[in-house]
Structures are given as C-alpha cells and as structure tokens.
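Inside the fold
The lines below spell out each chain.
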Amino acid sequence: MKASERFETRRLILRRPRLEDAEAVFSRYASDSDVTRFLGWARHESLDATRAFLQFSDAEWARWPAGPYLVESREDGCLLGGTGFGFETAYRASTGYVFAKDSWGKGYATEALHAVVEIARDIGLIRLYALCHLENLPSWRVLEKCGFTREGVLRRHSQFPNLRPDEPADVLCYALILG
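Described below are features of the structure shown in this document.

Procedures and definitions
Residues numbered from 1 in each chain as written. Predicted model: local features only at pLDDT ≥ 70, side-chain atom pairs only at ≥ 80, totals over all residues. Heavy atoms only, no water. Phe/Tyr/Trp six-rings, centres within 6.5 Å; stacked < 30°, edge-to-face > 60°. Buried < 20%, exposed > 50% of the residue type's maximum accessible area, 1.4 Å probe, protein only. Helix = DSSP H or I, 4+ residues; strand = E, 2+ residues; numbered from the N terminus. Lys NZ or Arg CZ within 6 Å of the ring centre and 35° of its normal. Arc of directions from axis to C-beta. Contact = heavy atoms within 4.5 Å. Axes fitted to C-alpha atoms, helices over the stretch in contact; angles between N-to-C directions. Parallel < 35°, antiparallel > 145°, perpendicular 65-115°, else oblique. Left-handed = near helix turned anticlockwise from the far one by under 90°. Nonpolar A, V, L, I, M, F, W, Y, C, P; charged D, E, K, R; others polar. Salt bridge = Lys/Arg side-chain N within 4 Å of Asp/Glu carboxyl O.

All right, on to the packing of aromatic side chains then. Following the criterion strictly, the structure yields 3 aromatic pairs and no others. Each ring, one from Trp-61 and one from Tyr-69, has its centre 5.2 Å from the other, and the planes form 80 degrees; the classification is edge-to-face. When sorted by exposure, Trp-61 lands in the same class as Tyr-69, which is buried. Ring geometry for Trp-64 versus Phe-87: centroids 5.4 Å apart, planes at 10 degrees, classification stacked. Placement of Trp-64 in the loop between helix H2 (47-63) and strand E3 (68-73) and of Phe-87 in strand E4 (residues 79-87) is noted, with a sequence separation of 23 residues between them. Side by side, Trp-64 and Phe-87 carry an identical accessibility label, which is buried. Put simply, the rings of Trp-64, Phe-85 and Phe-87 pair up and form one aromatic cluster. Of note, Arg-150 hangs over the ring of Trp-140, and the distance from its end group to the ring centre comes to 4.5 Å.

Turning to helix H4 (residues 137-145), its buried residues number three or more, namely Ser-139, Trp-140, Val-142 and Leu-143. Each buried residue of H4 sits inside an arc of 160 degrees when the element is viewed along its axis, so together they form one side. Exposed and oriented more than 90 degrees from the buried face of H4 are Pro-138 and Lys-145. Where H4 is buried, its residues touch strand E5 (92-99), helix H3 (108-122), strand E6 (127-133), strand E7 (149-160) and strand E8 (164-177). Of the residues trailing H4, Gly-147 is marked for its positive phi of about 90 degrees.

Relative to the elements of secondary structure, Val-71 occurs in strand E3. Between the alpha carbons of Val-71 and Gly-84 there is a distance of 9.5 Å; along the sequence they are 13 residues apart.

Turning to the packing of H3 against H4, a few remarks are in order. Where H3 contacts H4, the axes come no closer than 9 Å and their chain directions differ by 40 degrees. When the interaxial angle is binned, H3 and H4 end up oblique. In this structure, H3 crosses over H4, and the sense of that crossing is right-handed. Residues Ala-109, Thr-110, Leu-113 and His-114 of H3 lie in contact with H4, whose contacting residues are Val-142, Leu-143 and Lys-145. Split by residue class, the contact of H3 with H4 holds 4 nonpolar, 2 polar and 1 charged.

Evaluation of the coordinates by the stated rule reveals 19 salt bridges. Asp-102 is the salt-bridge partner of Arg-28, the closest N and O atoms lying 2.8 Å from each other. Remark: Asp-102 occurs in the loop between E5 and H3 and Arg-28 occurs in helix H1 (residues 22-30); sequence separation between them is 74 residues. Residue Lys-101 pairs with Asp-32 through a salt bridge whose shortest N-O separation is 3.6 Å. Note that Lys-101 is positioned in the loop between E5 and H3 and Asp-32 in the loop between H1 and H2, a separation of 69 residues in sequence. One network of salt bridges, with partners in common, ties together Glu-5, Arg-16 and Asp-58.

Here it is in structure tokens:
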C-alpha cells in the first residue's frame, strides 16, 4: 500500500519533496551547520547536493510505500523542515527529522513525528525506529513524547559527518513496534 504524498496535521503539511524545492531546502536548513550538526548526512555546501537529495527522494518514493517528506506550515506555507522514512524492508523503516532553527522549540518535530507514526500504521509497518546522537537531548525528548522506547546504545555505530566525519559514534536506538 502506498502512503499519501500529502498529509495534514493541525499545524503542518507533510508532503513529498519536488525538484523545485531545492533552493528552499538548501537555504532553510540543509546548508545550516547548527541544524545539521547531529545528522547522519553532510551539510549541503551547494544546491547540487540538495538536488541530489531530491533525486534520491524520488527514487525512494518509487521503490517503497513512502519516502522523505517536507514539512510546511499550514498557516503560511513556509518550509519548516523535513522528516519521513528510510525503508530497509517492507515492514521495517527508520525515521528522523530536521527543522530550520527558527522552527525549534515550537513542537513541530513532535507533531510531525506523530504524523509519521500514523502514516507508518496506515502502510502496515511493523517496526519504526530512529537513531539519535547521545548528545542530542531535544531529539530524545521528541522520540519519547511520541511513544518510542529506548532500546539501548549502539556502540561505535553511526557516522556524523558534521561532527567527526571519520569516526563512528555511539547512538541511542529508539523504536516503536506497530504490529
């Protein structure tokens, strides 16, 4: 079953990214070193990197029931950030979220993650999980507010190219079992 390419919450619109979103994605969050600090992908240094992400997004949507989503304000259409799915199998996917600095502390990540969980249920996912850098306390809180359980620490598991690009770091693994 394919997920809807557009999903609305009380304050947000989650929608499938388009190539014409490149400049907004780049300028709002993908090129910001503070925003990308704890992410598993390198900060975008050019629009070409953002376009490559958008092409990757299209490939994910073609291959799987869903993929990345952009998050916009319902009130004014402003791009706030991104979220979505990274599928490993038809029943297991990872998730995450990234928001522009001026969107921090407003509950948008929690609201967007609740939407992702609802979409996950709709498409029949059994396991939805997220990995989180040990120092990213705000992200832990979002995951816990959304019902994810901390399963443990994965030692020397993930690279954070915007922190120490050549050194795998410990991460927290959070999961939500849906089925």
